[in-house]
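Architecture at a glance
For reference, the chains in residue letters:
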Amino acid sequence: MNFWVHKHLKIIFACLQFIFMKKLILSLFLLSLFSSCVSNKQLTYFQGEPVTNEEIRKLNNLPYRLQVNDILYINIKAENKDIVSMFTTSQNNASTSNSGGNLYLNGYSVDRHGNIRMPYIGEVNVLGYTTDETRKKIEEELSTYFKNLEKIFVTVKLQGIQFVITGEIGSPGTINLQQNQVSIIDAVANAGDVNLVGNRQNVTVIRNSLDGVKKYTMDLTKIEVFESENFYIQPNDIIYVPPLKQKSWGTGTSGLQTFTTFVTLFSFITSSILLIKTL
């Protein structure tokens, strides 16, 4: 009698154990499936309806003010080319390439004191000035050598906008775009787009400004990013795309990858249990 009861209790216990393990495994599978996969919402850019913010738009249209390490292109033209040649160097030659390292070698770099150094004129402080204000400062310096300023033409431009982009991005590194304005979208697109496990909802911009180092975050999955006051990046910005939690979990980015990981884990657990029972 005791043997019969013991046998049936053992069977009941085994059944209960099987049901419990089945529910536990199913729960863990569903939890991992829905929590570890990268959702479509995390991958889709510019969700929502456009909004208009006039204050932010005006702020984005304010001219950029020069910072340390900016590189300027300065060109001077006038009827008397011999006098003009006194104030120009090889960087003003139209045949000079403006790509790669030539940007540094052939431009006027703003030093740590906020100055650029020009032939005969000497040092000109441009820190915090716009390119238009810098042009006027150079014209004032040239008035000593030219009787009629109306006959000279001075051009001052940024030698492109250079930035660093790193993290979960297709092609991380230092990029220089020959544009007057570069948006966060331009930056990401030119760096090969965000990887599948990159967090598009928390893109970070680190900026060294006159007020010190500042940090901004932007959500590229929201249409509101176009109205962000930091939509346009500035020269020497550092852009960082952090990873999603799914990368550290290692469970896969798609349903199939997660299922494969789960099956592998389940097979390992089952084999371990069977091995323990046989000991």
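Our subject is the structure listed above.
Residues numbered from 1 in each chain as written. Predicted model: local features only at pLDDT ≥ 70, side-chain atom pairs only at ≥ 80, totals over all residues. Heavy atoms only, no water.

**Quick look at unusual backbone geometry**
At Phe46, a position not held by glycine, the phi torsion is positive, near 55°. Among the secondary structure elements, Phe46 is positioned in the loop between helix H2 (40-43) and helix H3 (54-60). The phi dihedral of Asp193 falls on the positive side, at around 70°, and the residue is not glycine. Along the chain, Asp193 falls in the loop between helix H7 (184-190) and strand E9 (203-209). (Helix = DSSP H or I, 4+ residues; strand = E, 2+ residues; numbered from the N terminus.)

**Overview of the sheet that holds strand E10 (residues 212-218)**
Ordered in space as E7-E6-E12-E9-E10, the 5 strands form an open sheet in which the pairing is mixed. This sheet does not close on itself; its edge strands, each paired only once, are strand E7 (173-177) and E10. Neighbour to neighbour, the strand axes of the sheet diverge by 25° on average, direction disregarded. Bridge count between strand E6 (residues 161-167) and E7: 5 bridges; the pairing is antiparallel. The residue bridging Ile161 from the neighbouring strand is Leu177, located in E7. (Pairing = 2+ DSSP bridges. Axes fitted to C-alpha atoms, helices over the stretch in contact; angles between N-to-C directions.)

**Let's talk about the side chain of Thr134**
Along the polypeptide, Thr134 turns up in helix H6 (residues 131-142). Polar contacts involving the side chain of Thr134 include one to the main-chain carbonyl oxygen of Thr130, which spans 2.9 Å. Every residue in contact with Thr134, bar those within four places of it in the chain, is listed here: Leu66, Leu72, Val126, Tyr129 and Val156. (Polar contact = N/O pair within 3.5 Å; in protein donor to acceptor, adjacent residues only side chain to side chain. Contact = heavy atoms within 4.5 Å.)

**A closer look at the side chain of Ser209**
Within the secondary structure, Ser209 sits in strand E9. Looking at Ser209, its side chain comes within polar contact range of the main-chain oxygen of Gly212, at 3.0 Å. Other than its neighbours up to four places away in sequence, Ser209 contacts Gln67 and Lys214.

**Thoughts on the pattern of salt bridges**
In this structure the tally under the stated criterion is 6 salt bridges. For Lys136, the salt bridge is made with Asp132, and the minimal N-O distance between the two is 3.7 Å. A residue pair is termed a helical-turn pair when its members lie 3 or 4 positions apart in one helix, as Lys136 and Asp132 do in helix H6 at 4 residues. For Lys214, the salt bridge identified is with Asp211, shortest N-O distance 3.5 Å. Classification of Asp211 by relative accessible area gives exposed; the value is 66%. (Salt bridge = Lys/Arg side-chain N within 4 Å of Asp/Glu carboxyl O. Buried < 20%, exposed > 50% of the residue type's maximum accessible area, 1.4 Å probe, protein only.)

**Some thoughts on the packing of aromatic side chains**
Using the criterion set out here, one finds 7 aromatic pairs in the structure. Their ring planes at 70° and their centres at 6.1 Å tell us that Phe87 and Tyr120 sit as a pair that is edge-to-face. Taken as a pair, Phe87 in the loop between helix H4 (81-86) and helix H5 (102-105) and Tyr120 in the loop between strand E3 (115-118) and strand E4 (122-125) lie far apart in primary sequence, 33 residues in all. Look at Phe87 and you get buried, because its relative accessible area is 1%. With a relative accessible area of 60%, Tyr120 lands in the exposed category. Taken together, the ring pairs in this structure connect Tyr45, Phe46, Phe226, Phe231 and Tyr232 into an aromatic cluster. (Phe/Tyr/Trp six-rings, centres within 6.5 Å; stacked < 30°, edge-to-face > 60°.)

Limitation: the analysis is restricted to geometry and does not speak to function.
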